[in-house]
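Residue-level listing of the chains:
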Amino acid sequence: MRTKLVLLTAIFFTVFLSCSKEIEEVSNLDQTPTQLRSGRTAGRNQSVVDISQTREKGKYNNPYYIGTIKAAYLKLKSLGQISATYNISPNALYVRYLPKDENDFYLLETTSPTELFEYPLQENDIQNNEIHHYADGTLSDGQLPFQYTVCTIGQVLTGFEADILDTLYLNHINPTISDEDWRKIETEAFISTGVINPNNPDDVQASIFCDEWFPSGKIEIWDDALATNLPLKQVKVKVSKWYQWATVYTNNTGNFTTFPFMDFCGKVKYSIIYENPIWDIRDGKLGQADTQGPKQKAPWNHLIKDDKKSLGFGTVHRSLVRYFFEDVAGLRRPVVGAQKLKVSYRHEDGDSNGFFSSSGFEGIFYSHVHIFGFNGSTLRQTHSIFSTTSHELAHVAHAFQMGNIQFWQVSNLIVESWARACQWKITELEYGYSPSPVPGPIQNWFYDQDPDFNNYSPLFIDLEDTFNQNPSNLPNRPRDITSGYNLSLIQSNVLGHSYGLSSLRDRLKSQKPSGVTDAQIDTNLQHFFDNF
């Protein structure tokens, strides 16, 4: 459905690196607590605020806080459990940014040399719960969420509202402490902050003597129509232990591994993040769509099925993977320019199954494509969500091909019939129409069958397929006596020159394949000329 466009890079592996772009030296600034929230005074001189010294003590205990690490080292040194002498200085900052709008978010996303996450990175009750996304209670409706990351000491991107949440020592950034001594210091820091219970010797020993390993696993997703599990391809999996993380992508069998990029010691936290350099799937209108997994020292083999919201995220992701990376019969990919394609999966009922916004804006909310997960109170089946996503992505490709101004001059009949044809073709490629229970080509359409769907016709499907849905020449259905056109060629040679039925007819005649006559084209289009 069209109501309301924007990047094409390659999927890649990412691991934690240090910040190195434009930087601003950060000192302990004299800031009041009221300046620490999203309502900070507008027009302030400093874009970076250090709140690590002014935050409420005891609000959360951080084992990697420089003071905690130093205290743990000095205690072990005094007890004779560490003989070496170390000069432990802070080497990292735990930072959160607050983008003021989508342009700010885009600049932040493209200039930050470390990955940004929409939930706190310290391991706490929120992160350990298996939820979809973290909502900060201090932000008002319509505000983009905080973006959390870790940078090397003294380096924070300028030009953005940023809070320094804590000053850290992380031995993996630039190791200055031996592995053996670091395990002792880290374990003592865990004990002093309540992460590990000193009365549980198994946990203490596991922390001190943990073995390095490479987390891995397999992500699959259920499909209603095929009644089987499918590999969830090219989805981002985050593996983390506090402020150390690696993000990797599943392969075409749904498998992932951090080998050989990063190994971990002890339990790790798994999560799925439905984004990559090309698109970003949102939970609702603004929040990042993700699925929080377990914390464990074992591979994570996960089937997305019972969690219906994640099933919606994953199905939208499947449609995006198909349209961008797999066979779509030569159709254009739904590229939107410099910024990421934003797709909102809304686990609710809507006025339609989905819609497309060429500007990206629906009121104050920003997404190019919106997909709804319910029809009334009924959860939509996965193949239906897949099909709708393909339809809306066809609008994206159409609008970007023509440009927004030109696109909005195209009749709704052309716009929706084209998206319906792409939806038909891509869903057929994904599922096949026989013997799959997925609905077949839309051949029972006729004008005024349902006035809301008059524009969703088989006009373009009829130009390619060999099935005539009206062999008896009934007056209420289009006659389909033409075949031999190809949707890919129509998109390349016809669609960009078609604004209504007349220009479409003329362009089809000038680009007709061998064996097709002008009279056949006229017959195919007559029903539409009679009714539109």
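To be clear, the structure that these remarks concern was listed above.
Keep in mind that what you see is a predicted model, and the values were worked out from it rather than measured. In every chain, residue numbers begin from 1 and rise along the written sequence. Under the rules for a predicted model, residues below a pLDDT of 70 receive no local features and side-chain atom pairs below 80 are neither given nor counted, while totals for whole chains, interfaces and linings still include all residues. Side-chain numbers come from the whole structure's heavy atoms, not from hydrogens or water.

1. Some thoughts on the overall build of the protein
Move 1: Per the secondary structure count, the protein includes 13 helices and 23 strands.
Move 2: In the protein, which comprises 532 residues, the share counted as buried stands at 55%.
Move 3: Method for areas: the Shrake-Rupley scheme with a 1.4 Å probe, in which residue coverage is limited to the protein chains shown. For the protein, the accessible surface area stands at approximately 22,100 Å², while carbon and sulfur atoms represent 50% of it. Each helix corresponds to a stretch of at least 4 residues labelled H or I by DSSP, and each strand to a stretch of at least 2 residues labelled E; elements are numbered beginning at the N terminus. Under the scheme applied here, a residue whose accessible area is under 20% of the maximum for its type counts as buried, over 50% as exposed, and between as partly exposed, the area being computed with a 1.4 Å probe on protein chains only.

2. Looking at the packing of aromatic side chains
Move 1: Side-chain rings of Phe, Tyr and Trp, where Trp is taken by its six-membered ring, are said to pair if the distance between their centres is within 6.5 Å; with planes under 30 degrees apart they count as stacked, over 60 as edge-to-face, and otherwise as tilted. What the rule picks out here adds up to 30 aromatic pairs.
Move 2: Aromatic side chains Y64 and W182 sit 6.4 Å apart centroid to centroid with 35° between the ring planes, which places their arrangement in the tilted category. Taken together, the residues span a long stretch of sequence, with Y64 in the loop between β2 (48–50) and α1 (66–78) and W182 in helix α4 (residues 179–192) at a distance of 118 residues. For the pair shown, Y64 and W182 are each scored as buried.
Move 3: Ring-pair connections join several aromatic residues into one group, and the members of that group are Y64, Y94, F146, Y148, Y169, W182, F190, W242 and Y243.
Move 4: In this arrangement the basic side chain of R96 is found over the ring face of F146, its NZ or CZ atom lying 3.9 Å from the centre. Here, a charge over a ring is recorded when the distance from Lys NZ or Arg CZ to the ring centre is within 6 Å and its angle to the ring normal is within 35 degrees.

3. Considering the nonpolar core
Move 1: Core analysis: the biggest nonpolar cluster contains 79 residues, and Y274, I281, L320, L341 and F460 have the highest contact counts within it.
Move 2: Among buried residues, those of type Ala, Val, Leu, Ile, Met, Phe, Trp, Tyr and Cys that are joined through side-chain atoms within 4.5 Å constitute a nonpolar core. Formed by 36 residues, the second largest nonpolar core is a distinct cluster that contains Y64, A92, Y119 and W245.

4. Some remarks on the state of the cysteines
Move 1: Note that a disulfide, as used here, is simply two cysteine sulfur atoms within 2.5 Å. Within this structure, the stated rule accounts for 1 disulfide.
Move 2: In this model, C210 is linked to C265 through a disulfide, with the two sulfur atoms separated by 1.2 Å. Linking C210 in the loop between α5 (201–208) and β6 (212–213) with C265 in strand β12 (residues 264–265), this pair joins segments that are 55 residues apart in sequence.
Move 3: C265 sits in the buried class, given a relative accessible area of 3%.

5. Some remarks on the environment of G515
Move 1: Here G515 shows up in the loop between α12 (501–510) and α13 (518–531).
Move 2: With 32 residues separating them along the chain, G515 and S483 place their C-alpha atoms 9.1 Å apart.

6. What to know about the pattern of salt bridges
In a structure, side chains of opposite charge can pair up when their charged atoms sit close to one another.
Move 1: The term salt bridge refers to a pairing of a side-chain nitrogen on Lys or Arg with a carboxyl oxygen on Asp or Glu at a separation within 4 Å. In the structure shown here, the tally under the stated rule is 27 salt bridges.
Move 2: In this structure, E430 and R322 form a salt bridge, with 2.9 Å as the shortest nitrogen-oxygen distance. Of this pair, E430 sits in helix α9 (residues 412–431) while R322 sits in helix α6 (residues 308–325), and the two are 108 residues apart along the sequence. Comparing E430 with R322, the two get one shared label, buried.
Move 3: Across the pair D506 and R505 runs a salt bridge whose closest N-O atoms are separated by 3.8 Å.
Move 4: Note on D506: relative accessible area 45%, which makes it partly exposed.
Move 5: Looking at R505, the relative accessible area reads 25%, which means it is partly exposed.
Move 6: What you see here is one network of salt bridges that share partners, running through D223, K233, R318, R322, E326 and E430.

7. Side note on helix α2 (residues 102–111)
Think of an α-helix as turning once every 3.6 residues; residues three or four places apart then point the same way.
Move 1: By the burial criterion, the buried members of α2 are E102, D104, F105 and L108. Looking down the long axis of α2, one finds its buried residues gathered within 155° of arc, a one-sided arrangement.
Move 2: We call two N or O atoms a polar contact when they sit within 3.5 Å, provided that within protein one can donate a hydrogen and the other can accept it, with sequence-adjacent residues counted only if both atoms are side-chain atoms. The N-terminus of α2 is capped by D101, whose side-chain oxygen sits 3.2 Å from the backbone nitrogen of N103. The arc in question is the one traced by the directions running from the helix axis out to the C-beta atoms.

8. Section: unusual backbone geometry
Move 1: In this structure, the amide linkage connecting F259 to the following residue, P260, adopts the cis form with an omega of 0°.
Move 2: By the secondary structure assignment, P260 is in the loop between β11 (255–257) and β12.
Move 3: Not every positive phi belongs to a glycine, and D448 is a case in point at roughly 70°.
Move 4: Looking at the element boundaries, D448 is found in the loop between α9 and α10 (459–464).
Move 5: A positive phi angle, near 60°, is found at N473, a position not held by glycine.
Move 6: Since its relative accessible area comes to 47%, N473 is described here as partly exposed.

9. Observations regarding the pairing of strand β14 (residues 279–283)
Move 1: With 5 of 5 residues buried, β14 lies mostly within the body of the structure.
Move 2: Of the two faces of β14, both are covered, the one formed by W279, I281 and D283 as well as the one formed by D280 and R282.
Move 3: In this structure, β14 lies alongside strand β18 (residues 341–349), joined through 5 bridges in parallel fashion. Across the sheet, I281 pairs through a bridge with V343, a residue of β18.
Move 4: Sheet analysis places β14 next to strand β15 (residues 287–288), joined by 2 bridges and oriented antiparallel. Bridge pairing in β15 links D283 to G287. Only strands joined by at least two bridges in the DSSP assignment are considered to pair.

10. Here we look at the side chain of K425
Move 1: With respect to the secondary-structure elements, K425 resides in helix α9.
Move 2: The exposure class of K425 is buried, given its relative accessible area of 12%.

11. A word on the packing of α12 against α13
Move 1: Helix axes use the C-alpha atoms of the stretch in contact, all axes being lines fitted to C-alpha atoms, and the angles between their N-to-C directions lie in the range 0 to 180 degrees. Two elements in contact, α12 and α13, have axes whose closest approach is 10 Å; the angle formed by their N-to-C orientations is 165°. With respect to α13, the element α12 is oriented roughly antiparallel. At the point where α12 passes α13, the crossing takes the right-handed sense. Here L501, S502, R505, L508 and K509 of α12 lie close against α13, whose contacting residues are D518, I521, D522, L525, F528 and F529.
Move 2: Residue classes follow a fixed rule: Ala, Val, Leu, Ile, Met, Phe, Trp, Tyr, Cys and Pro count as nonpolar, while Asp, Glu, Lys and Arg count as charged, and any other residue, Gly among them, counts as polar. The residue inventory of the contact of α12 with α13, partitioned by class, reads 6 nonpolar, 1 polar and 4 charged. Any angle between 65 and 115 degrees counts as roughly perpendicular, while under 35 counts as roughly parallel, over 145 as roughly antiparallel, and the rest as oblique. Handedness of each helix crossing follows the sense of rotation of the near helix against the far helix: counterclockwise by less than a right angle gives left-handed, clockwise gives right-handed. Any two residues whose heavy atoms approach within 4.5 Å are treated as being in contact.

12. Here we look at the side chain of R322
Move 1: Overall, the relative accessible area of 10% leaves R322 in the buried class.
Move 2: For R322, the side chain forms a polar contact with the main-chain oxygen of D327, separated by 2.7 Å.
Move 3: Discounting residues that sit within four places of it in the chain, R322 has contacts with D327, V328, R333, F386, I426, L429 and E430.

13. A short note on the packing of α4 against α5
Move 1: At a minimum axis distance of 8 Å, the contact between α4 and α5 shows a crossing angle of 145°. Crossing handedness for the pair α4 and α5: right-handed. In this structure, α4 contributes R183, T187, F190 and I191 to the contact, and α5 contributes V204, S207 and I208.

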